[in-house]
Amino acid sequence: MWLTIATPPITSLDQLDQVMGAATPDGLRARYACRAGDEFRVVAVWESKEHADRFFREVLGPILARVLGPEPSGAPAMTGMEVLREFVPSQMNGVS
């Protein structure tokens, strides 16, 4: 499993919605949009590093160009890391 934290060159929540809603990437397990100060962050959990790399290489560029224009202000910064352990709390513990 692979986790990415990206800082896209997005300036509004509207733009972020257009970028995030434009594609359902192969291998994506979960994606979260956050704001850190004045910048947006997108945290994604992928089946593998290869899935994430393929999305960033083949899909994200054209989406950003369509939403932000061919020369957006700044390139997306991205950090990736291998997930060593996953903890998903049980949704149903017999508690109503």
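Throughout this description, residue numbers start from 1 for each chain and increase along the sequence as written. Local features are withheld for residues below a pLDDT of 70 in this predicted model, meaning they are given only at 70 or higher, and side-chain atom pairs are given and counted only at 80 or more; totals for whole chains, interfaces and linings count all residues. As a rule here, side-chain values cover all heavy atoms of the structure and leave hydrogens and water aside.

Engineer: Mind showing me how you'd approach the overall build of the protein here?
Structural biologist: What the protein contains, in helices and strands, is 2 helices and 4 strands. By the criteria applied, helices consist of DSSP H or I runs no shorter than four residues and strands consist of E runs no shorter than two, each listed in order from the N terminus. Traced from its N-terminal end to its C-terminal end, the protein shows the element sequence β-α-β-β-α-β. Here the protein holds 96 residues, and 31% of them are scored as buried. Restricting to contacts in the protein with at least 6 residues of sequence separation, those with at least 24 account for 70%. Burial here depends on accessible area, computed with a 1.4 Å probe over protein chains only, as a share of the maximum for the residue type. Under 20% is buried, over 50% is exposed, and the range in between is partly exposed. Two residues qualify as a contact provided that any one of their heavy atoms is within 4.5 Å of a heavy atom in the partner residue.

Engineer: Where do I start with the packing of aromatic side chains in this structure?
Structural biologist: Aromatic rings in a pair are described by how distant their centres are and how their planes are angled relative to each other. Side-chain rings of Phe, Tyr and Trp, where Trp is taken by its six-membered ring, are said to pair if the distance between their centres is within 6.5 Å; with planes under 30 degrees apart they count as stacked, over 60 as edge-to-face, and otherwise as tilted. For the coordinates displayed, the defined rule picks out 2 aromatic pairs. On the basis of an interplanar angle of 80° and a centroid distance of 5.7 Å, the ring pair of Phe-55 and Phe-56 is categorised as edge-to-face. On the basis of relative accessible area, Phe-55 is assigned to the buried category, the value being 9%. Residue Phe-56 is classed as partly exposed on the basis of its relative accessible area of 21%. For a ring to carry a charge above it, either NZ of a lysine or CZ of an arginine must fall within 6 Å of the ring centroid while also lying within 35 degrees of the normal to the ring plane. The ring of Trp-2 carries the charged tip of Lys-49 above its face, separated from the ring centre by 5.5 Å.

Engineer: Before we go on, may I ask you to explain the sheet that holds strand 1 (residues 2–7) in this structure?
Structural biologist: In sheet architecture, strand pairing relies on hydrogen bonds along the backbone and comes in two forms, parallel and antiparallel. Across the sheet, which stays open at both edges, the 4 strands sit in the order 2-3-1-4 with antiparallel pairing between neighbours. Of all the strands in the sheet, the pair left with one neighbour each is strand 2 (28–36) and strand 4 (77–82). Direction aside, neighbouring strands of the sheet carry axes that sit 15° apart on average. The pairing criterion for strands is at least two bridges between them, as found by DSSP. Examined bridge by bridge, strand 1 and strand 4 share 6 bridges and lie antiparallel to one another. Pairing of Thr-7 across the sheet is with Ala-77, part of strand 4. Against the sheet, helix 1 (residues 13–21) contacts strand 2 and strand 3 (39–46), and its axis sits at roughly 20° relative to strand 3. Angular values range over 0 to 180 degrees, each being the angle between N-to-C directions of two axes fitted as lines to C-alpha atoms, with helices fitted over their stretch in contact. Along the sheet, helix 2 (residues 49–68) contacts strand 1, strand 2, strand 3 and strand 4; its crossing angle with strand 1, the most-contacted strand, is approximately 30°.

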